[in-house]
Amino acid sequence: MSQFTTQEAVLAAQDQTGSITVNGQVITYTVKGNIIIYSDGKVAAPSITSTDFQLAYATAIVPPVTPPVDPPADPDFVSIGTGSGQLILEPLANTNVKIVPGNYDYIYVEKATNVRMDATGVILQGGSIDIGQADNLELWGASVIDQSYRALSIKSQSNGIYLHDLSFKNVGNYTIAYEDKTIYDGTDSTVSKDWKFERLTFENTGLAFSGGGGFNDAGIESLMRNFKFIHCTVKNCPEISDVVYLGAVEDYEIAWNTIDNVNTLYNDPNAPNGYHNGLFHVIGNGSFHDNKVTNHQGNAIRAWGASFGTETKNILIYNNIVWNSWKYSAFELQVFPEMFTYMETYPSRMKPANAKVYNNTAGLLNRSHDWEGVMIDLYQTGGTLEFYNNLGFEMYRENSSRPVDDMINMGGPDMIRNENNHYFPSHQQAVADTVSFVSLLPGVGAQ
């Protein structure tokens, strides 16, 4: 008798039905092509089929049930975890691991070296992830929700951290925290380098990433080099204050992010509003480009310029859209007095940076009217500034006798280029709409 399954029978082309009586019991049948299926589950194969369905029944069998087959395990990944509880991992090296999907309370990775960690389907409700130290760690797929403190922490000096496709919701403190305190001695071994955050989502969280960093008499603390925060979404965070804080960073890239509806808890200019902030507050140099920041409070970036080491670096701010702020101008450039003092005291450690701000679109700034709302809040930087091809509309000057123009200039940097910047009293004169913000002026504004 040929081997066959009920599924194959069902796929046969033509049905014929009828009934037979076996030991006084009526059994119906259906012909599927050359296969007869009886109502008691038995099947007759083509070799015994005939017009005598009673005779065919005598040789019919119940086909074996084939259990479902789990998809083959990825041979490149080792499964870890049970799908619940706590997952405590000793040092991992040169391996790929897949965390069994499920609801976990806590995940701890003591040390990871050259590790890829797939956490797709892992949920930590009220839980968190702690990493002791890592070099070349890729982590993706997990969701942390309803955590009153921190969602993910990295404790010690680490390099090559790649976090992508993670989501965070309802986090009360820093969402991702780096707690390193290493003092930079001029060597690569004392730098935290090559971090990338990509396609992360934050909703109703505190500070998305606190990278620490700073400077004191001992030296530059927790210097980060080549940090990327790209293609991330931050939304509906009424008390986030800063999105990212980096106290000492060289060559950052903050790009293609969407920030919407953040720092909205206070909407009364007389309220005790604690937010005196920039959404991205970075001390160092790098690029801020192709970001869309809407319905918010705070400068889109508070770029406090610094170059670490001997070479003077640049800050590039371009192709951004900034719209509808409760407070402040689109961007801020500054070196605050303590930084200048430090630069004068330790010129081999830190010096000013130059800046270029170009092809940005900004409008409806500083709705609270308790501060200026123009393109740049500009203070002393110690470097040069190039400013061109920017587009503004519905900006605010406290003194209406002064025209709306480029910036609040508090004795700022040497302007080596200032051209082709345009400002309008209404958005209809500047952009196609306040969704896409397509510029009506070729070559001016975000492209």
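Figured I'd write up the structure that's included with this text. (Residues numbered from 1 in each chain as written. Predicted model: local features only at pLDDT ≥ 70, side-chain atom pairs only at ≥ 80, totals over all residues. Heavy atoms only, no water.)

### Here's the deal with the overall build of the chain
When its secondary structure is counted, the chain shows three helices and 40 strands. Of all 447 residues assigned to the chain, the portion counted as buried reaches 51%. Partitioning the intrachain contacts of the chain with sequence separation of at least 6 by distance along the chain shows that 64% fall at a separation of at least 24. Split by element, the accessible area of the chain, about 19,600 Å² in all, is 50% carbon and sulfur. (Helix = DSSP H or I, 4+ residues; strand = E, 2+ residues; numbered from the N terminus. Buried < 20%, exposed > 50% of the residue type's maximum accessible area, 1.4 Å probe, protein only. Contact = heavy atoms within 4.5 Å. Areas by Shrake-Rupley, 256 points an atom, 1.4 Å probe, with all protein chains shown as cover.)

### Focus: the environment of V171
As for its placement among the helices and strands, V171 is situated in strand β14 (residues 167-171). Those residues in contact with V171, other than ones at most four positions away along the chain, are V144, Q147, Y149, A151, N204, T205 and G206.

### Some thoughts on the packing of aromatic side chains
Under the criterion given, the structure shown has 21 aromatic pairs. Each ring, one from Y358 and one from Y388, has its centre 5.0 Å from the other, and the planes form 5°; the classification is stacked. Taken together, the positions of Y358 in strand β33 (residues 354-358) and Y388 in strand β36 (residues 384-388) put the pair 30 residues apart, joining distant regions of the chain. Of the two residues, Y358 and Y388, both sit in the buried class. An aromatic cluster of three or more residues is present, and its members are F168, Y178, W195, F197, F202, F209, F227, F229, F280 and F288. (Phe/Tyr/Trp six-rings, centres within 6.5 Å; stacked < 30°, edge-to-face > 60°.)

### Examining the nonpolar core
Core analysis: the biggest nonpolar cluster contains 79 residues, and F209, F227, F229, V243, F280 and F331 have the highest contact counts within it. In terms of residue count, strand β8 (residues 102-118) provides more of this core than any other element does, six residues in total. Every residue in contact with V243, bar those within four places of it in the chain, is listed here: L207, A208, F209, F229, V234, I259, L279 and F280. In this structure, V191, I220, Y342 and M350 belong to the second largest nonpolar core, which totals 15 residues. (Core = buried A, V, L, I, M, F, W, Y, C linked by side-chain atoms within 4.5 Å.)

### Digging into the environment of R417
Inspection of the secondary structure assignment puts R417 in strand β39 (residues 414-419). Residue classification places R417 among the partly exposed residues on the basis of a relative accessible area of 30%. C-alpha of R417 to C-alpha of Y388: the two residues are 29 residues apart in sequence and 7.1 Å apart in space.

### Description of the pairing of strand β22 (residues 233-237)
Both strand β17 (residues 201-205) and β22 contribute to a ladder of three bridges, which runs parallel. Bridging across to β22, E203 finds its partner in K235. By the bridge criterion, four bridges tie β22 to strand β24 (residues 258-262) in an arrangement that is parallel. In the strand pairing of β24, C237 is matched with V262. (Pairing = 2+ DSSP bridges.)

### A look at the side chain of T190
Topologically, T190 is positioned in the loop between β15 (176-178) and β16 (192-198). Accessibility expressed as a relative area gives 11% for T190, which makes it buried. Side chain to side chain, T190 and D185 meet in a polar contact 2.9 Å long. Those residues in contact with T190 that sit more than four places away from it in its chain are Q157, T182, I183, Y184 and D185. (Polar contact = N/O pair within 3.5 Å; in protein donor to acceptor, adjacent residues only side chain to side chain.)

### Quick word on the side chain of S192
Secondary-structure assignment places S192 in strand β16. Residue classification places S192 among the buried positions, given a relative accessible area of 1%. In this structure the side chain of S192 is engaged in a polar contact, spanning 2.7 Å, whose partner is the side chain of Y178.

### A few points about helix α3 (residues 337-345)
Looking only at α3, the buried set comprises M339, Y342 and M343. Projection of α3 onto a plane perpendicular to its axis shows the buried side chains occupying an angular sector of 100°, all on one side. For α3, the exposed residues set more than 90 degrees away from the buried face come down to P337 and E344. On its buried side, α3 packs onto β19 (214-216), β20 (219-221), β25 (278-289), β27 (299-305) and β32 (350-351). (Arc of directions from axis to C-beta.)

### Some remarks on the pairing of strand β23 (residues 244-255)
Along any regular strand the residues' side chains alternate between the sheet's two faces. Counting buried positions along β23 gives ten out of twelve residues, so the element sits mostly inside the fold. Relative to β23, strand β18 (residues 209-210) runs parallel, the two sharing two bridges. Opposite F209, over in β23, you have V244 as the bridge partner. Of the strand pairs in this sheet, strand β21 (residues 224-230) and β23 are connected by five bridges, and their pairing is parallel. Its bridge partner lying in β23, I230 is registered against A255. Two elements, β23 and β25, share nine bridges in a ladder whose sense is parallel. Opposite E250, over in β25, you have N285 as the bridge partner.

### Remarks on unusual backbone geometry
Backbone geometry at N170 places phi at a positive 60°, although glycine is not the residue there. Classification of N170 by relative accessible area gives partly exposed; the value is 28%. Phi angles above zero are rare outside glycine, and F437 is one such case at about 60°. Tracing the backbone shows F437 in the segment after β40 (422-424).

### A word on empty space enclosed by the protein
Tallied over the full model, the rule gives one cavity of 30 Å³ or more. Its volume calculated, the largest cavity comes out at about 60 Å³. Taken together, A303, G305, I315, L333, Q334, A353, N354, A355, T381, T384 and P413 make up the full set of residues lining the largest cavity. Secondary-structure elements contributing two or more residues to the lining of the largest cavity are β27, β31 (331-334) and β33. (1 Å grid on protein atoms, 1.4 Å probe; cavity = no way out; pocket = protein on both sides within 12 Å on 5 of 7 lines; lining within 4 Å. Points joined across faces, edges and corners; volume = space filled by probe spheres on them.)

All quantities given are derived from atomic positions and should not be read as evidence of function.
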